[in-house]
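Structural description and commentary
Here's the letter readout for the chains.
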Amino acid sequence: MRASNDAPRARRRRLSNRGRIIIAIAFVAAFVLFASLQGIARFYTDYLWFDSLGLSSVWRSVLGARVVLGLLFTAIFFVLAWVNLFIADRLAPRFRPAGPEEELLERYHEVVGARTGLVRAAVALVFAVIAGAGVSQRWESWILFTNRVDFGEEDALFGVDIGFYVFQLPFLGFLVSWLFAAFVIILIITAVAHYLNGGIRLQASGQRVTPQVKAHLSVLLGVLALVNAGGYWLDRYELTLSTRGTVDGATYTDVNAQLPAINLLLLISLFAFGLFIYNILRKGWVLPVLAVGLWAFVAIVAGSAYPAFIQRFRVEPNESTRELEYIDRNIAATRAAYAVGGIDPANFAANEDLTAEDLIDNEETIRNIRLLDPSLVNDTYQRLQAERGFYQFPGDLDVDRYEIDGQTTQVVLAARELNTGGIESPSWENQRLTYTHGYGVALAAANAVAAGRPDFLVGGVPIAQDPTIEDSPEFELSSPQLYFSEGLDGYAIVNTEREELDYLDSDGTNVFTSFTHEGGVSIGSLVRQVAFALRFGDIDPLISANIGSESRVMYIRSIRDRVETVAPFLHYDSDPYPVIHDGRIVYMMDAYTTSDNYPYSQGAINEDLPSGSGLNHSFNYVRNSVKVVVDGFDGDIDMYLVEDQSGDVDPIAQAYANAFPDLFSEWDELPEGLRDHIRYPEDLFRVQTNMWGSYHIDDAVDFYQQTAAWAVAQDPGTGVATAITQTTAPDGTPAGTRERRIDPQYLLMRLPEESEESFLLLRSFVPESGNDQLKELTAFMVAKSDWEEYGQLQVYEVPSTGVDGPALVASEIESNTEIAQEITLLDQQGSQVRRGNLLLIPIEESILWVRPLYVEASNQTAVPELEKVIAVFGDEIVMEDTLEQALQEIFGEAPETLEDPDAAPSGEEEGSDVPLPDTGSDDEDEDDEDTPPTTSETGETTPTTEGGTPGVGSVPADSTDVNELVADAQALFDAADDALADGNLAEYAELVDAARDRLRQIEENLPEDEEQASAGS
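These notes cover the structure that comes with them.

Reading the values: rules and limits
Residues numbered from 1 in each chain as written. Predicted model: local features only at pLDDT ≥ 70, side-chain atom pairs only at ≥ 80, totals over all residues. Heavy atoms only, no water. Helix = DSSP H or I, 4+ residues; strand = E, 2+ residues; numbered from the N terminus. Contact = heavy atoms within 4.5 Å. Areas by Shrake-Rupley, 256 points an atom, 1.4 Å probe, with all protein chains shown as cover. Salt bridge = Lys/Arg side-chain N within 4 Å of Asp/Glu carboxyl O. Buried < 20%, exposed > 50% of the residue type's maximum accessible area, 1.4 Å probe, protein only. Pairing = 2+ DSSP bridges. Axes fitted to C-alpha atoms, helices over the stretch in contact; angles between N-to-C directions. Phe/Tyr/Trp six-rings, centres within 6.5 Å; stacked < 30°, edge-to-face > 60°.

1. Looking at the overall build of the chain
- Per the secondary structure count, the chain includes 28 helices and 35 strands.
- In the chain, the share of contacts with a sequence separation of at least 24, taken over all contacts with a separation of at least 6, comes to 68%.
- A total of about 46400 Å² of accessible surface is found on the chain, and carbon and sulfur atoms cover 51% of it.

Next up, the structure:
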């Protein structure tokens, strides 16, 4: 018997190659299945999302357009390819001639055998799928093509309605290109089929192509010539979009050289078709080669060389006369394309006749001068109103107007959005079930400040209102929750077993809520839970026990993402803004329709647009055609077709409305409460003002010379210097420097010769100059936003009297000695001065400039506070604590404004949720308390310290000792820095005022030569 250790060892079973292949195939199959399931889940949940908004018809229409296009063009190619392959098989010679190629082809026929029909269908199908699959991406062009609307205007060259160019020409151009490419492919595969069947022999000593094959190929070549002729027919119309000449559109060379050349090429293509058909009856390929050679020669000489010759030697030396007719066409078309054709400029004297009586007569304009700069006080809103780390305000605040105490008042507001990154314990339950929404808004009058901070009329958590507006129903928020907002991403599931955190009360108590309204998509069934788990790549929606039959999932929560998903064919403004309406917070957003096919129109100058603007692309026609309203509570979306002053709707928007009737509502259906909050969009206004710089000139000769051209005024920036960019010429060479342009500004004011205030956008112009050396004001444009006058543009031209533009006014402010000294005082170590918007305020026939000045501590918890207001009128420049004081300094009298530099902001009294600044310890020793300030003979207050300590305000007010005054001023600077660091703003302001008095005393007591040197420095 064999010992156990002698028994043969069991062999380790190795995985065979076949096993490895099976595992690999299984792995690939699982991956493909998972990817397919994710695609199916996304497809299904997309439908559920549209259906929840009542827009399933839009989803079906877009899907139908994609499917129809893909199937239609795939079927067309398949039929064309199959028919030609079938003909190739029918024309195959019965006996294939012997030759060196026959052995290889014999093997092919042995393999194919009786499966010729199957191979034919397979080849046609493969190429058809390749040729037709991408066509579904042209669904937008197809929708416009099939829903064309006439513009009611004709182009200047062919007399064809503009609608042909915008709606039909793009798709027809694509169709001709597709047909040409399709017949080239069919020609190639047909020739290969003839070769395999023996109809073509490349190495035969006798006849290489049978007559039947020659006829077949000649017909295909003739069809290609016909398609090419169709392309030339369309090219004629595309000349109206030419960029060859001094302006866009068909200019002298295009009309007198390129158009005749295209017509000649069209005739040659038709002639070539005839030659290809006639070639069927003749031997050889001489005629087809002759046709192709003639076409190539004319295309090079007449199509390229001749127009280039005419442009260089006939047009450019005499451009000012040759192009005048076409410049006129370009001016008219461009004005119409950018909706600036109806502007009738008015003269604006820009005199210095403004009086205190005029200010009082325009008290509503004065009262609404915006001192809260949205780009600066966003940090203030964040510090004072965010309340908790899981709340945040968007990067830019918004300007609107509301009725307050019976008066329309300009406000700065922002929505308090959910900040998912600020959730302290970011578990799945907290992120998706508990922290689900933002809460409320913070709103302050644009000219209402208290102790330098916004005087919030609405704010806090829970929502609190200033007592002055408690009876205003417009501000009531019955549903302040924001499940959808500007910067919100990801998804949330509501109405679950976990309550949603609404907010933390002032004592730190959690207050919960539950969403039980319509909104979002039901996720109660197992199928839907699986679908959403696949869509989000997250298994928790499938396995969580907190999700019940009534739970709903909210996704695509960003305002921009929602509207772009619903209507991807529109282009959207960069700035959605919140509006309090009917107890909820809704977002209003502007949508544009654009085209790059408007004949003779100039391409858009879209510089200085925000990165998120939907107008950051090439176009030569634009309309603000749709107003979008998104409910921040339930995510509902409404789109309203904007009507112009004549009651017409943009034709492109009307075409989309014809295609998607459930998506759009009429302009008159916009709710009354929202009509008071429509705004003319900034992005469109930027483009219009950019174009108006040249297109305010209506004479072709003046336009060509461009001596009267304007440019949007330079941005006054935060001081004297502004952002500089290097510009380049069309050939790529440096063309000089260009400063950043001033942003449009929303104002609530009364225009000259009008009886009521309007909410409008304003942007100013200066003369066009190569390196921005000219900065005098030439004009300003306004766009009205009120319902009755929405979209009206008005330009006020300033006579050439050397009126300063924004950049020059900013420079003069900075060079003013007294203001520069005060800014230096404020901008000491521990604090930083920030300059707000420089506002141009036209009153009567005069211009008032206003700029707020902010101070913030130089630390991470900085809260910019309004410290001073600068007013400029003519040669007078003053800086005071309030706008009212500044205007009184200039005019002697001024209307009351909303500012109160000494009052606490609304809600900052005892028990308020709005945090007060830290003012330091309250239990200091009595010996350290300041003594009452002394008053000089001039009535100015001079702070002193206990016992008159030297160097801290102890120098007599009538002292003439410069060294003593300098030492005291320096000590006051240091004390002011300490007060600011401690958060004692009142003491800080008092010490700064005292230091300012010392500087004045120093200047008064300097010897004459030193005073001059000091002034010069």
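2. Here's the deal with the pattern of salt bridges
- Using the criterion set out here, one finds 33 salt bridges in the structure.
- Arginine 120 is the salt-bridge partner of aspartate 89, the closest N and O atoms lying 2.8 Å from each other. In this pair, aspartate 89 sits in helix α2 (residues 56-90) while arginine 120 sits in helix α4 (residues 116-133), placing the two residues 31 residues apart along the sequence.
- According to the relative accessible area criterion, aspartate 89 is partly exposed, its value standing at 22%.
- Glutamate 844 is paired through a salt bridge with arginine 750; the nearest N and O atoms lie 3.7 Å apart.

3. Section: the sheet that holds strand β4 (residues 407-415)
- Taken in spatial order, the five strands line up as β3-β4-β7-β8-β9 in an open sheet, and their pairing is antiparallel. The strands lining the two open edges of the sheet, one partner per strand, are β3 (398-404) and β9 (464-465).
- Of the pairings in the sheet, the one linking β3 to β4 comprises seven bridges and is antiparallel in character. Across the sheet, the residue bridging to aspartate 398 is leucine 413, located in β4.
- Relative to the sheet, helix α14 (residues 378-385) contacts β4, β7 (441-450) and β8 (453-459), its axis offset from that of β8 by approximately 55°.

4. Notes on the packing of aromatic side chains
- Per the counting criterion, the structure on display carries 49 aromatic pairs.
- For the pair tyrosine 165 and tyrosine 237, a centre-to-centre distance of 6.1 Å together with 75° between the ring planes defines the contact as edge-to-face. Here tyrosine 165 is found in helix α6 (residues 162-197), whereas its partner tyrosine 237 is found in helix α7 (residues 211-238), with 72 residues between them in sequence.
- A relative accessible area of 10% places tyrosine 237 in the buried class.
- Ring centres of tyrosine 746 and phenylalanine 759 lie 5.4 Å apart, and the angle between their planes is 5°; this geometry places the pair in the stacked category.

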